[in-house]
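Geometric and topological summary
This is what each chain is made of:
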Amino acid sequence: SHEIEPMVGVLCTKQEGVTIRIIEKAISKPVEQVRFEESTKYGPVVISANGRTVSRGNVASNCCVLVNQVATTGRHKWKFKVKSDVGSSTCLGLAKCPLKISQEYSNSQKHLYQHEGLMLWRSYRGTLYKHGQQLRRTLEPIGWVENQTIVVEFVLDMTKGTLEVFRNERPLGIAFEDIKGPVQAAIVFYAGYEKAIEILDYRVEGTLQEEIPPVVKSLPHSIAAKTFFDPSSIHGSISVSNDGLTVFRTAEESGNAYCLLNQVCTKGIYRWSFKIEIDKGASTCVGITSEPVVVPDSANIYTSKSMFLCRSFRGALYANGREMSKRFKEFWMAGTIVELVLDLENKVLQFSISGVDQ
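The present account deals with the structure reproduced in this document. Bear in mind the structure is a predicted one, so any value in this text is a computation, not a measurement.

Definitions and cut-offs
Residues numbered from 1 in each chain as written. Predicted model: local features only at pLDDT ≥ 70, side-chain atom pairs only at ≥ 80, totals over all residues. Heavy atoms only, no water. Buried < 20%, exposed > 50% of the residue type's maximum accessible area, 1.4 Å probe, protein only. Helix = DSSP H or I, 4+ residues; strand = E, 2+ residues; numbered from the N terminus. Pairing = 2+ DSSP bridges. 1 Å grid on protein atoms, 1.4 Å probe; cavity = no way out; pocket = protein on both sides within 12 Å on 5 of 7 lines; lining within 4 Å. Points joined across faces, edges and corners; volume = space filled by probe spheres on them. Nonpolar A, V, L, I, M, F, W, Y, C, P; charged D, E, K, R; others polar. Salt bridge = Lys/Arg side-chain N within 4 Å of Asp/Glu carboxyl O.

Our focus in this paragraph is the pairing of strand S8 (residues 118-122). Counting buried residues in S8 gives five out of five residues, a clear majority hidden from the surface. Two strands pair when backbone bridges link them, and strand S7 (residues 90-96) and S8 are joined in this way by five bridges, in the antiparallel orientation. Residue Cys91 lies in a different strand from S8, and its bridge partner there is Arg122. In this structure, S8 lies alongside strand S9 (residues 127-130), joined through three bridges in antiparallel fashion. From the neighbouring strand, Leu120 faces S9, where its bridge partner is Tyr129.

Written out as structure tokens, the structure is:
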């Protein structure tokens, strides 16, 4: 239950100039009224009273239903629980909005996953179909087994134009690229057998790129509407620009130093992007810290027992003062964009460097 703050730390390795700038911040919010949309229903499917479960009996027919959220910008995340997929004849994915289905799909001779307005991942063999064409690559199948819980999560990034798939929290890879909106999450049943899919969660992550006012001291333990480096949090030789968007120090300054953003994270999902403008000597760390912040007396700051950090030098990772065996891409080069995604629900901190997930 510790409160967590994003931070930028500067190590005591060399006396070199460092300049880092905030690019953006984003927060993920759940959609309270998410449901399968009755007006999009095609074929003999049944939507539950609360709108969260769609099912079909043992009927050989093409069926389709869409989730009532239209994606045009930002990042959208949703989770389906596969309650029944007898015969492995379910498809999950996206539909172009609006989706029009002609009468040629009213019988089971032509499967609906061949529709030009759909992008679907078939449970059978993990085959992928985009706009009616089968792709050469595949993903791991859904693999439903009776009495086994399977939760499938989709991450739709409209900026990158990608749809990523996870099965029971394990990444399966990018299903589709070059996605252009508007689109909606879609479920398709074909052939026969009983089916049932429940939507567990839907979140929309919107980016906040607001004009930052002159720096003011943030209230303790508050969720800030505007994000900037908090000068009151500075430890050691490090400075903050007047607009609060840039943290830096000169080549003459050295020693352990850090600065926190003006935001305390307690729950939900947060995203920050930083641009490395100068990092001579590769002596920067980016990450998070719990409170109270622990600063080592004589060792480098990345050995702090309160911090989770990635070093710009060789991409070394440190958790609670211990170096991990895994490493990410180093990011000391000028112009590098470092993105952090903090998911406090799943207790995960993810890094992306120059648009590549680590």
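There's more to say after this.
Moving on: the layout of surface pockets. Within this model, the largest pocket holds a volume of roughly 1400 Å³. Broken down by element, the residue count for the lining of the largest pocket peaks at five residues, all from strand S25 (residues 348-353). Of the residues in the lining of the largest pocket, the class split is 21 nonpolar, nine polar and 16 charged.

Under the criterion given, the structure shown has nine salt bridges. Between Lys41 and Glu38 there is a salt bridge, with its nearest N and O atoms 2.8 Å apart. Look at Glu38 and you get partly exposed, because its relative accessible area is 47%. Across the pair Glu104 and Lys110 runs a salt bridge whose closest N-O atoms are separated by 3.3 Å. Accessibility expressed as a relative area gives 45% for Glu104, which makes it partly exposed.

Shape is all these values report; function is a separate question.
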